[in-house]
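Architecture at a glance
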Amino acid sequence: MSILRLAFAWQNASFFESIALATFFYGALFDAVTIALLALPYAFFSMPLQWRASKFYRVVGKSYLFLIALFVLVLNTWDIAYFSYTQKRSSFSYFTHILTGTETSSLAGEFLAEFWWLPILFIGLLFVFIGIVQKQPRNITIPSSKPKTWVFYLLTLFVTFSLARGGFALRPISIIDATALTSLEQAPLVLNTAFTVLKTSRYDDPKKVQYLSKHELARFLPSAERKMHSHLPEQTNVVVIMLESFGTIYAGPNSKESYTPFLDSILSAGLFLENAIANGRTSMDAVPAILAGMPSWQNESYILSPYCTNQIDALPNYLKQKGYHTSFFHGAKTGSMNFDDFTKAIGIDHYYGMEQYKGPEAFDGNWGIWDHAMFSFFADELSTFKVPFFSTIFSLSSHHPYLLPANYKNRVRKGPEPLCATISYTDQALKAFFKKSSSKKWFKNTMFVFVADHVGPTRSAAHQSIPDRYHIPIGFYHPGLDLQKLYAKQYDATAAFQQIDIFPSVLDMLGYDNQAFCFGQSLFAKEQGAKMVYENGSLILFKCPSKTLDIYSWMPFEKRAVTKQERSDIQKLQANYQNYQHRMIENRCRKGR
């Protein structure tokens, strides 16, 4: 696996500010643990008995070793390439989702063309392993009657078991230990994907963490009290526009290198949250966070976790109860990332995927419908809905392999990375959508919510910090109202804000103050909770002490001296995580439960 780690580091070096030599030594430890975990059954059945010399045992043993090699090589070779899209090692649920997802077959060709050398590396290493196994002697003698033979067997089994645990500590080695040994940024280099898949393949009933007493928990969780604030007109339509990979690095009014002039103008004219963050690294993290205030503060995306069937409050379901028509548009094939099932569960009555698109031929050859065509279709469909309506569109084109429609190739602004041109293209598609929609009856009584799903992958060495990984544009715009004037002095535009805060903020703006459960806090809440993300077993707190994003990272089980301010930050993280975990386990994610 060391060869695969070297290939991983070479392919993804630009995603790390530096690569310490120590990560390879720690990585060798995790590799040894992985091999020991997989080899435990083989070690157990290698007891010194005569049947071990049989042909049947040799065939079964070699087949099992071959499956181990196949498992390790496939997963780690895959993540050499896939890491560039998510900047984290794949988990069991995410990997199985990729293999069974609706996009896999259409993207396979592009993937193999870009990373053509990986299948060669995979086949080469597999043949090397087969050659080593085949060199094992065919005829062996088993001196089972000798005590020292059994002592050696038991010692081997003990060493393998101990190594599989990662040593003699009270708890077995886990994903979070990679962070403890190095750093949050270096953890993906230390880990291997076979290990992360094994460690996330089972969901035993988790034990509830108990960092704080009930009294302390109440003290560190924010109250539900709101500031006095204005409300939007009755029956205001709500349109949520999710933008694929629109990180602040290349999008938004406060981006130093923005490729989104139209979006910037809209956000500057509305309520723009300067220090907003995504609550995850993938699109599947984003949709539950934005529409249901449900973060993925765990190893799996909420959509893929065992808790995905919990009873939860959600923005579309709540507004549907108030008479809103609800819909969701995404230009990919229906079934992509399980969005159709999840949105139905949270109150979306009408789902529009690639199959429901009506208009000129616009398939991009990979993911689905080009953004300019899907946004035009979106505008047409909105005009057919009864008001008030709640609708969401999730853009598509600013995603790998970063293709452009032929008639846009000379119209977009290109940048240092392929992502830049596709962001510029989607911004033009957004501009065309607004131009088309501005003459519609519903337009002037609609609030638009703009939010990126996550930060897009970048190889820029200047943008590898943790704040850069999560900093995204979020804002609210109403073409018939001056939101800045309406909400003057009622919110802090420079305070940290997160995706899960959108749900309660929209309800407050519509006049439904504090009427649903959510892990986030409204813009207008008197007390703000921790703005946080979960990464590789660590909790990261985002704050703005000087009107710019800063972080504090905390690992459970970490023991070190801390300052008074750090203790306060840790308690905020503990309170939010404990509340989240208990509610998820107990299925208490609705108002009044």
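See the structure above.
The shown structure was predicted, so the numbers you read here are calculated from the model rather than taken from an experiment. (Residues numbered from 1 in each chain as written. Predicted model: local features only at pLDDT ≥ 70, side-chain atom pairs only at ≥ 80, totals over all residues. Heavy atoms only, no water.)

Evaluation of the coordinates by the stated rule reveals zero disulfides. Lacking any disulfide linkage, Cys544 is separated from the closest cysteine sulfur, that of Cys518, by 19 Å. (Disulfide = S-S within 2.5 Å.)

It is worth spelling out the sheet that holds strand β11 (residues 550-554) at this point. Backbone-to-backbone hydrogen bonds join strands into a sheet, with any given pair of strands oriented parallel or antiparallel. An order of β9-β10-β11 is seen for the three strands of this open sheet, with the pairing classed as antiparallel. The sheet is open, and its two borders are formed by β9 (531-535) and β11, each paired with just one other strand. Adjacent strand axes in the sheet meet at a mean angle of 25°, parallel and antiparallel pairs treated alike. Inspection of the sheet shows β9 paired to strand β10 (residues 538-543) by five bridges, in the antiparallel sense. (Pairing = 2+ DSSP bridges. Helix = DSSP H or I, 4+ residues; strand = E, 2+ residues; numbered from the N terminus. Axes fitted to C-alpha atoms, helices over the stretch in contact; angles between N-to-C directions.)

Here eight strands make up an open sheet; going across it, the order is β4-β3-β5-β1-β6-β7-β2-β8 and the pairing mixed. With one partner strand each, in any of the chains shown, β4 (350-352) and β8 (496-498) form the two edges of the open sheet. The average undirected angle you get between the axes of adjacent strands in this sheet is 25°. Both strand β3 (residues 325-330) and β4 contribute to a ladder of three bridges, which runs parallel. Residue pairing for β4: Phe328 is matched across the bridge by Tyr351. Packing of helix α16 (residues 371-382) onto the sheet brings it into contact with β1 (237-243), β3, β4 and β5 (389-394), and relative to β5 it is tilted by some 170°. (Contact = heavy atoms within 4.5 Å.)

Let us now look at the pairing of β5. With six of six residues buried, β5 is to be regarded as a mostly interior element. Residues of β5 alternate between two faces, with Phe389, Ser391 and Ile393 on one and Phe390, Thr392 and Phe394 on the opposite face, all of them buried. Both β1 and β5 contribute to a ladder of five bridges, which runs parallel. The residue bridging Val239 from the neighbouring strand is Ser391, located in β5. (Buried < 20%, exposed > 50% of the residue type's maximum accessible area, 1.4 Å probe, protein only.)

Cis geometry is adopted by the peptide bond preceding Pro388, which originates at Val387 and carries an omega value of 0°. Looking at where Pro388 falls in the secondary structure, it is placed in the loop between α16 and β5. Although it is not a glycine, Asn587 sits at a positive phi angle of roughly 55°. Topologically, Asn587 is positioned in the segment after α21 (564-586).

This structure, assessed with the given rule, holds 44 aromatic pairs. Ring geometry for Phe375 versus Phe433: centroids 5.7 Å apart, planes at 55°, classification tilted. Pair noted here: Phe375 is in helix α16 and Phe433 is in helix α17 (residues 418-437), with a separation of 58 residues, a long-range link. Judged by its relative accessible area of 1%, Phe375 is buried. You can call Phe433 buried: its relative accessible area is 2%. Ring geometry for Phe385 and Phe389: centres 6.2 Å apart, planes at 75°, overall edge-to-face. One exposure class covers both Phe385 and Phe389, and it is buried. (Phe/Tyr/Trp six-rings, centres within 6.5 Å; stacked < 30°, edge-to-face > 60°.)

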